[in-house]
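# Observations on the model geometry
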Amino acid sequence: MGGVSVDEAMRRAIELGARGLGTTSPNPVVGCVLLDADGTVVGEGFHAYTGGPHAEIVALAQAGERARGGTAVVTLEPCDHTGRTGPCSHALIRAGIARVVVAVPDPNPVASGGAATLRAAGVRVEFGVRADEAEAGNVAWLTSMRRGWPYLIWKYAATLDGRSAAVDGSSMWITSEAARMDVHALRGTVDAVIAGVGTVLTDDPRLTARNLRDGTLAIRQPLRVVVDSAGRTPADARVRDGAARTWIATVAEVGAGPDGRVDLPALLAELHHRGVRAALLEGGPRLAGAFLAAGLVDRVVGYVAPKLLGGGPAALIDAGVTTIADAIDLELTDVTRVGSDLRITALPRKREA
């Protein structure tokens, strides 16, 4: 294979890192490409699962002696601590790597410092190549580590006129099977799925990640979180079925917010403490409104069905908006057709102070 540029190698490293999405948490997704002194790719790797070898270690094992004098292109600053595995910075030094090109610095104070260790050993270190792309591919982990609570995605399903159910309360099925399968795939990329006790009492959801065609459970299941201020979740609710871990978050355990219900920032802080880096908020509309009003939602994913109901509960209730000037503005980042429905992805714009 001929030589490739560092930019091309970083693009490949970002693609490799994405393969670990959903299986590495609470660790980040990381990809690595090794180039020899002539710019030829001699090793590739990505972090595949928690506790497994890091991307740099996989790539070094593939390259062997061909890595000596070469360049390591990595999406995240090599770690500098010993956890379940040894420090990647030391492994790169031992392998004789002459140059390390990094997209994004490591914000984790426990693991950061790899660049300084590498430079102290005479290795050239550069930052910033395809940084925006690498940041986007690792956004949940990076955001969570920087601020101390999970990256939160609000997912909802609604008709074209914004209804989550009909007047009689029926909601199966607003969206197509293709959209529901897409939701289960989305659940497979997060560490926790959050719902309010009202949704549990009304719909009795499982909140698991499943293959809808045969009903089988995904190997890795997110933590199921029921926001239940007074502990009303029934003993026989399906979220208690043992198919996945479940936490019934009550005021007695988490504390109360100004409204007397579960303190939402405290809830997210506790989830971060439990290793949750990305969480999916699934219902109901009032709980979603509370999270949005508090500015705690990082991404909105809406599945909009080509149906009209003209009545019934709205997909969002009481988000702290009383006038059009207070509307929560969103930046559309993707609109994709999924089955007969549209999946709309948007990011809430930060409000001016």
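Our subject is the structure listed above.
I will try to describe carefully the structure that is included in this document. On a predicted model such as this, the values are computed, not experimentally measured, just so you know.

### Re a nonpolar patch on the surface
A cluster of nonpolar side chains, contributed by Leu332, Val335 and Leu342, occupies part of the molecular surface with about 270 Å² of accessible area. Its place among the elements puts leucine 342 in strand β13 (residues 341-348). Judged by relative accessible area, which is 37%, leucine 342 ranks as partly exposed.

### Digging into the packing of helix α10 (residues 264-273) against helix α11 (residues 285-293)
Contact geometry of α10 with α11 gives a least axis separation of 10 Å together with a crossing angle of 90°. With respect to each other, α10 and α11 are oriented roughly perpendicular. Facing α10, whose interface residues are Leu264, Leu267 and Leu268, α11 presents Leu287, Ala290 and Phe291. Split into classes, the residues belonging to the contact of α10 with α11 amount to six nonpolar, no polar and no charged.

### Brief notes about helix α2 (residues 55-63)
For α2, the set of buried residues is Ala55, Glu56, Ala59, Leu60 and Ala63. Projection of α2 onto a plane perpendicular to its axis shows the buried side chains occupying an angular sector of 125°, all on one side. On its buried side, α2 packs onto β1 (31-35), β2 (41-46), β3 (71-76) and α3 (88-94). Glycine 64 lies just past α2 and shows a positive phi near 60°.

### Examining the sheet that holds strand β6 (residues 151-159)
A sheet is described by the order of its strands in space; here eight strands give the open sequence β9-β8-β7-β10-β6-β11-β13-β12, paired in mixed fashion. Sheet topology places β9 (246-249) and β12 (330-338) at the edges, where each strand pairs with a single neighbour. Neighbour-to-neighbour, the strand axes of the sheet open up by a mean angle of 20°, direction not taken into account. As paired strands, strand β11 (residues 299-305) and β13 are joined by five bridges and run antiparallel to one another. From the neighbouring strand, valine 304 faces β13, where its bridge partner is leucine 342.

### Quick notes on α10
When α10 is considered as a whole, its buried residues turn out to be Leu264, Leu267, Leu268, Leu271 and His272. Take α10 and look down its axis: the buried residues cluster within an arc of 140°, on one side only. Elements that come into contact with the buried residues of α10 comprise α6 (139-147), β7 (192-196), β8 (223-227), β9, α9 (251-254) and α11. Its side-chain oxygen 2.8 Å from the backbone nitrogen of alanine 266, aspartate 263 forms the N-cap of α10.

### Some thoughts on unusual backbone geometry
As a rule of thumb, non-glycine residues mostly have phi less than zero, and peptide bonds are mostly trans rather than cis. With an omega of 10°, the peptide bond running from serine 25 to proline 26 counts as cis. Among the secondary structure elements, proline 26 is positioned in the loop between α1 (6-18) and β1. Look at the link from glycine 283 to glycine 284: it is a cis peptide, with omega at 0°. With respect to the helices, strands and loops of the structure, glycine 284 is situated in the loop between β10 (278-283) and α11. Although it is not a glycine, arginine 130 sits at a positive phi angle of roughly 50°. Here arginine 130 shows up in the loop between β5 (124-127) and α5 (131-137). Within the chain, leucine 207 stands out as a residue other than glycine whose phi angle is a positive 60°.

### Notes on the sheet that holds strand β4 (residues 99-104)
Taken together, the five strands give an open sheet; going across it, the order is β2-β1-β3-β4-β5, and neighbouring strands pair in mixed fashion. Two strands close off the open sheet at either side, each with one partner strand: β2 and β5. Sheet twist, expressed as the mean angle between neighbouring strand axes with direction ignored, is 15°. Examined bridge by bridge, β1 and β2 share five bridges and lie antiparallel to one another. Looking at β2, one finds that cysteine 32 is bridged to glycine 45.

Conventions we followed
Residues numbered from 1 in each chain as written. Predicted model: local features only at pLDDT ≥ 70, side-chain atom pairs only at ≥ 80, totals over all residues. Heavy atoms only, no water. Patch = residues over 30% accessible without salt bridge, like charges linked within 9 Å, V, L, I, M, F, W, Y side chains within 5 Å. Areas by Shrake-Rupley, 256 points an atom, 1.4 Å probe, with all protein chains shown as cover. Salt bridge = Lys/Arg side-chain N within 4 Å of Asp/Glu carboxyl O. Helix = DSSP H or I, 4+ residues; strand = E, 2+ residues; numbered from the N terminus. Buried < 20%, exposed > 50% of the residue type's maximum accessible area, 1.4 Å probe, protein only. Axes fitted to C-alpha atoms, helices over the stretch in contact; angles between N-to-C directions. Parallel < 35°, antiparallel > 145°, perpendicular 65-115°, else oblique. Contact = heavy atoms within 4.5 Å. Nonpolar A, V, L, I, M, F, W, Y, C, P; charged D, E, K, R; others polar. Arc of directions from axis to C-beta. Pairing = 2+ DSSP bridges. Polar contact = N/O pair within 3.5 Å; in protein donor to acceptor, adjacent residues only side chain to side chain.

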